[in-house]
Amino acid sequence: MIRKPGDYLRGALSRRSFVAGLGCTAGVAAALSTTGCGGSSSNNTTSPTPPTTAVTDTDILNFALNLEYLEAEFYLRATTGAGLSTTDAGSGAGAVTGGTQVPFQTQAIQQYALEIAADELAHVRFLRNALSSSAVPRPAIDLMSSFSAAATAAGIANGSSFNPFADEDSFLLGAFLFEDVGVTAYHGAASLLSSKTNLAAAAGIYATEAYHAGMIRTLIAQLGSTYISVANQIEMLRGEASAAASGNNTAETALAANAIVAADSNAIAYDRTTDQVLHIVYLDSKSGSVSKGGFFPSGLNGTITASAS
């Protein structure tokens, strides 16, 4: 018997929430809170501060939480038509624009999407539990005009009307924009975290995001040359935005039917700085400081909200 999407997601979320809850409340969250996440952290959403070398583990984990909010909202809305609950979004959460349930035609792709949605929700809950009262609420998120703007900037045909929720193929391309960014962001955070406990937790999330990215890249490669070409246009856009902060086009590997993994010549996954990530999610490929735009029209919440370059 084929399970309905809602049935599958409720079961997946229930199991994952139970496991994540045990891991957080019984040990990991407590350890995180006493090794870098227990201090005060600004929830200011109106005065962005460029990141400095003085950032704390709390700052880094809240930066990651902002990205997890974005991914969770995208996948939850794509699979269920509804986003995070008010409890998961946090007090004072920003509004989310856009996002509807995708009319999946392939059961396997629907199942993959449901699993990723459950994973991203678990990440949000894990980080919020770990950060406790220092966790920032969900910022305002745009899942409508941001995608069409990204598609247009990438030079995709009919980009102004691109909607990642229209069908499962478009959904995969939308997911492709996010997943590699998440992988490189967590890799880049590794050198910034001071606590081994925090590093271990981030490494675990990093690994899960890498599984997601590999899955999405593989599914797109199986769609054929037309979709591979569009995906590579998205990669070029990410590279240009990343270069606006770093001065060179890095952290991208062209997708091909026989080249799925995004890694350097040593088969080591790329990493990105917070500045590079901000330029990508704000959809800004111009050099200079940027503090809002794209998927986050009002900027991120927390301390790391504006790029230094």
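Residues numbered from 1 in each chain as written. Predicted model: local features only at pLDDT ≥ 70, side-chain atom pairs only at ≥ 80, totals over all residues. Heavy atoms only, no water.

Caption draft 1: Layout of the side chain of R272. Along the chain, R272 turns up in the loop between helix 8 (225–246) and helix 9 (274–281). There is a polar contact of 2.9 Å between the side chain of R272 and the side chain of T184. Within the local environment of R272, its side chain forms a polar contact with the side chain of S242, the two groups lying 3.5 Å apart. (Helix = DSSP H or I, 4+ residues; strand = E, 2+ residues; numbered from the N terminus. Polar contact = N/O pair within 3.5 Å; in protein donor to acceptor, adjacent residues only side chain to side chain.)

Caption draft 2: The arrangement of the pattern of salt bridges in detail. Per the stated rule, a full pass over the model turns up seven salt bridges. The closest approach of N and O atoms between R77 and E73, which form a salt bridge, is 2.8 Å. Linking R77 with E73, this pair stays in helix 2 (residues 57–80), spanning four residues, or about one helical turn. A relative accessible area of 14% means that R77 is categorised as buried. A salt bridge links R217 to D180; the nearest nitrogen and oxygen atoms lie 2.5 Å apart. Remark: D180 occurs in helix 6 (residues 168–189) and R217 occurs in helix 7 (residues 196–223); sequence separation between them is 37 residues. Exposure class is identical for R217 and D180. Each is buried. Because the salt bridges share partners, they merge into one network encompassing D180, R217, E235 and R238. (Salt bridge = Lys/Arg side-chain N within 4 Å of Asp/Glu carboxyl O. Buried < 20%, exposed > 50% of the residue type's maximum accessible area, 1.4 Å probe, protein only.)

Caption draft 3: Local environment of helix 4 (residues 107–131). Under the 1.5 Å per step criterion, the end-to-end length of helix 4 is 36 Å for 25 residues, consistent within 8% with the ideal 36 Å. For helix 4, a buried count of 18 out of 25 residues is recorded, marking the element as mostly surrounded by other parts of the structure. S132 occupies a position one or two residues after helix 4 and carries a positive phi of about 55 degrees. (Expected span 1.5 Å × (residues − 1).)

Caption draft 4: The arrangement of the environment of A89 in detail. Of note, A89 is situated in helix 3 (residues 86–89). Among the residues examined, A89 registers a relative accessible area of 3% and is labelled buried. Taking the C-alpha atoms as reference points, A89 and R128, separated by 39 residues in sequence, lie 9.3 Å from one another. Setting aside residues up to four positions removed in sequence, A89 forms contacts with Y69, L84, R128, P137 and R138. (Contact = heavy atoms within 4.5 Å.)

Caption draft 5: Region of the structure containing the packing of helix 4 against helix 7. Across the interface, helix 4 lies against helix 7 with an axial gap of 11 Å and an inter-helix angle of 160 degrees. By the angle class used here, helix 4 and helix 7 are roughly antiparallel. Like other packed secondary-structure pairs, helix 4 and helix 7 cross with a definite hand, here left-handed. In this structure, helix 4 contributes I109, Y112, I116, D119, E120, H123, F126 and L127 to the contact, and helix 7 contributes A201, I205, T208, E209, H212, M215, I216 and L219. The class makeup of the residues in the contact of helix 4 with helix 7 is ten nonpolar, three polar and three charged. (Axes fitted to C-alpha atoms, helices over the stretch in contact; angles between N-to-C directions. Parallel < 35°, antiparallel > 145°, perpendicular 65-115°, else oblique. Left-handed = near helix turned anticlockwise from the far one by under 90°. Nonpolar A, V, L, I, M, F, W, Y, C, P; charged D, E, K, R; others polar.)

Caption draft 6: Fine view of the packing of helix 6 against helix 8. The interhelical angle for the contact between helix 6 and helix 8, taken along N-to-C directions, is 35 degrees, at an axis separation of 10 Å. Both helix 6 and helix 8 take part in a crossing whose hand is right-handed. Along its contact with helix 6, which presents D169, L173, F176, L177, D180 and V181, the element helix 8 presents Y227, V230, A231, I234, E235 and R238. Classifying every residue of the contact of helix 6 with helix 8 gives eight nonpolar, no polar and four charged.

Caption draft 7: Structural view of empty space enclosed by the protein. For the structure on display, the rule yields five cavities of 30 Å³ or more. Estimates place the volume of the largest cavity at around 130 Å³. Of all elements in the fold, only helix 2, helix 6 and helix 9 reach the threshold of two or more residues within the lining of the largest cavity. Per element, the largest residue contribution to the lining of the largest cavity is five residues, and it comes from helix 2. The residue inventory of the lining of the largest cavity, partitioned by class, reads twelve nonpolar, three polar and one charged. (1 Å grid on protein atoms, 1.4 Å probe; cavity = no way out; pocket = protein on both sides within 12 Å on 5 of 7 lines; lining within 4 Å. Points joined across faces, edges and corners; volume = space filled by probe spheres on them.)

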